[in-house]
Amino acid sequence: MKRIVLIAAIVMMAASAAHSQSQGYVCLFVDDARTSYCAAPPGAYPLLVNMQIWCLPRADGTYCAEFMIDYPDDPTVIAATVTPDPTFTIVLGSLATGVSACYGECKTEWTKFFTQLIVCQNANQNMISVVNHPGTGEILMTECTGIRPTYPAVAWNNLYLNYTDGIDPECGFTATEDKTWGAIKRMYGE
């Protein structure tokens, strides 16, 4: 498992640095800097999290993305207000049932698609995931050229509720941190 996480981290770092990747990604974060996908309360409950859904298209960009969000089956976790990017030209469906969202122009860099308020009413550890759109059975993005054919994208991470950065193993680091190959190998004892 450590080797898979290491490989995913390397791919994401290379994609961020050179932005020449051939794969698109849909990612969940709790901050605008895309440095954490874990949230723990600073004090008493409820824990209020602004879950951010970001997309990183492959090198030639994207107009649209299609995916679904899988929420925990825990009644103490409430998926509340959804705020789409205000520059979308079309949004079909919902995050919980499958969403297709498009811009009027090609996006070639990290782009925040949605922000959603998540409310946790207790200390239960839960996970939110990006999953395949039920209509297509895939996570998809569109190309910016030609008739805008789709290409498969990857759900890069999960969002962890009531997990702490640097303490829980799921929250060790994110690929947007600057790391050298040697530093990454030392983190995993390789």
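Residues numbered from 1 in each chain as written. Predicted model: local features only at pLDDT ≥ 70, side-chain atom pairs only at ≥ 80, totals over all residues. Heavy atoms only, no water.

1. Considerations on the state of the cysteines
Tallying each qualifying case throughout the model produces 3 disulfides. There is a disulfide in this structure between Cys-38 and Cys-171, and the S-S distance comes to 1.8 Å. In this structure the cystine formed by Cys-38 and Cys-171 twists about its S-S bond by roughly -95 degrees; its chirality is therefore left-handed. Residue Cys-38 is found in strand S2 (residues 38-39), and its partner Cys-171 is found in the loop between strand S12 (158-161) and helix H2 (181-187); the two are separated by 133 residues along the sequence. Cys-171 matches Cys-38 in its accessibility class, with the two residues each being buried. Each sulfur in the disulfide pair Cys-106 and Cys-144 lies 1.9 Å from the other. (Disulfide = S-S within 2.5 Å. Helix = DSSP H or I, 4+ residues; strand = E, 2+ residues; numbered from the N terminus. Buried < 20%, exposed > 50% of the residue type's maximum accessible area, 1.4 Å probe, protein only.)

2. Points about the nonpolar core
Residues Phe-67 and Ile-69 are the most contacted members of the largest nonpolar core, which totals 30 residues. The element best represented in this core is strand S3 (residues 47-56), accounting for 5 residues. With residues up to four places along the chain from it excluded, the contact list for Ile-69 reads Leu-28, Met-51, Ile-53, Leu-95, Ala-96, Ile-128, Ser-129 and Val-130. Listed in part, the 12 residues of the second largest apolar core include Tyr-25, Leu-56, Trp-156 and Cys-171. (Core = buried A, V, L, I, M, F, W, Y, C linked by side-chain atoms within 4.5 Å. Contact = heavy atoms within 4.5 Å.)

3. Points about the packing of aromatic side chains
Aromatic rings in a pair are described by how distant their centres are and how their planes are angled relative to each other. Enumeration according to the criterion identifies 10 aromatic pairs in this entry. Considering the side-chain rings of Phe-88 and Tyr-103, the 4.6 Å spacing of their centres and the 40 degrees angle between planes classify their relative orientation as tilted. Remark: Tyr-103 occurs in strand S7 (residues 98-107) and Phe-88 occurs in strand S6 (residues 88-94); sequence separation between them is 15 residues. Among the residues examined, Phe-88 registers a relative accessible area of 12% and is labelled buried. Note on Tyr-103: relative accessible area 4%, which makes it buried. Where Tyr-103 meets Phe-113, the ring centres are 5.4 Å apart and the plane angle is 85 degrees; that geometry is what we call edge-to-face. Placement of the pair is Tyr-103 in strand S7 and Phe-113 in strand S8 (residues 111-120), with a sequence separation of 10 residues. Relative accessible area serves as the criterion here: at 1%, Phe-113 is assigned to the buried category. A connected cluster of aromatic rings, assembled from ring pairs, spans Phe-29, Tyr-37, Trp-54, Trp-110, Trp-156, Tyr-160 and Tyr-163. Over the aromatic face of Trp-54 sits the side chain of Arg-34, whose NZ or CZ is 4.9 Å from the ring centroid. (Phe/Tyr/Trp six-rings, centres within 6.5 Å; stacked < 30°, edge-to-face > 60°. Lys NZ or Arg CZ within 6 Å of the ring centre and 35° of its normal.)

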